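# Architecture at a glance
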Amino acid sequence: GAGVSQSPSNKVTEKGKDVELRCDPISGHTALYWYRQSLGQGLEFLIYFQGNSAPDKSGLPSDRFSAERTGGSVSTLTIQRTQQEDSAVYLCASSLGPGHGTQYFGPGTRLTVL
Amino acid sequence: DAKTTQPPSMDCAEGRAANLPCNHSTISGNEYVYWYRQIHSQGPQYIIHGLKNNETNEMASLIITEDRKSSTLILPHATLRDTAVYYCIVRLPDRGSTLGRLYFGRGTQLTVWP
């Protein structure tokens, strides 16, 4: 596809369960970003990948959050032992990489923790 | 740390030009001005960016003042589909030690009415 894709589009889970969110960036984009947006709030940066490495993880809110990227393409954001405050829309973006600052966003995954 | 100030809301009549202001008085010499918008329940969409010169593309025009302390995004003929939250962002170029994260403030809710 031409754009960033994310799956699932919606995820409802029970408190304490683990969830995995997936992001497929635009082909050829080496930089990948995760953000989250709580209801009525702005976007909050979580983590940045350049290739398979994550030089900036400073936005991850707790050690329950982790992310990986393999093959310089697909990324997975994992939330362990989910809490109700984790409920938000999780957005992924990609860009061509260093020197190319425009980020293209996916449609997001809406996570609801009951 | 959004580094920008935008009015919380604006209205515009369909077919008229929408002029969205942004103050970025602490911008430094190598920081770009980016504009994104977010239509309800969608991921942010890139609109335009610039450094010093005015820019125009198929979506909008960006006017940056000579001292670079403010800018205006112009939608020349607003349509109902332009109703969205518009974010003005200043950021370093995505190269070297900079990490490219975007700081989204609260943005401006633009409502286009018939």
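Use the structure listed above.
Reading the values: rules and limits
- Residues numbered from 1 in each chain as written.
- Chains lettered and ligands numbered in written order.
- Predicted model: local features only at pLDDT ≥ 70, side-chain atom pairs only at ≥ 80, totals over all residues.
- Heavy atoms only, no water.
- Contact = heavy atoms within 4.5 Å.
- Buried area = accessible area lost by both parts, 1.4 Å probe.
- Salt bridge = Lys/Arg side-chain N within 4 Å of Asp/Glu carboxyl O.
- Helix = DSSP H or I, 4+ residues; strand = E, 2+ residues; numbered from the N terminus.
- Nonpolar A, V, L, I, M, F, W, Y, C, P; charged D, E, K, R; others polar.
- Pairing = 2+ DSSP bridges.

Right, let's talk about the interface of chain A and chain B for a bit. In many analyses, interface size is given as the accessible surface area lost on bringing the parts together. Between chain A and chain B, the contact holds 25 residues from the first and 19 residues from the second. Taken together, the two surfaces of chain A and chain B that pack against each other cover about 1700 Å², and 48% of this comes from carbon and sulfur. Summed over the shared surface of chain A and chain B, the result is zero salt bridges. Of all the secondary-structure elements, those providing two or more residues to the side of chain A that touches chain B are β4 (31-37), β5 (43-50), β6 (53-56) and β9 (88-95) of chain A. Per-class residue counts for the side of chain A that touches chain B are 10 nonpolar, 13 polar and two charged.

Before going further, it helps to spend a moment on the sheet that holds strand β7 (residues 70-75) of chain B. Residue and element names in this part refer to chain B. What the four strands build is an open sheet, ordered β2-β7-β6-β5; its pairing is antiparallel. Sheet topology places β2 (18-23) and β5 (55-56) at the edges, where each strand pairs with a single neighbour. Where β5 meets strand β6 (residues 61-64), two bridges bridge the pair, whose relative direction is antiparallel. Paired with E55 across the bridge in β6 is L62.

Before going further, it helps to examine the environment of M10 of chain B. Residues and elements named next belong to chain B. Within the secondary structure layout, M10 lies in strand β1 (residues 9-13). Separated by 79 residues in sequence, M10 and I89 have C-alpha atoms that sit 18 Å apart. Ignoring sequence-local partners within four residues, the contact set of M10 consists of N19, L20, P21, T108, Q109, L110 and T111.

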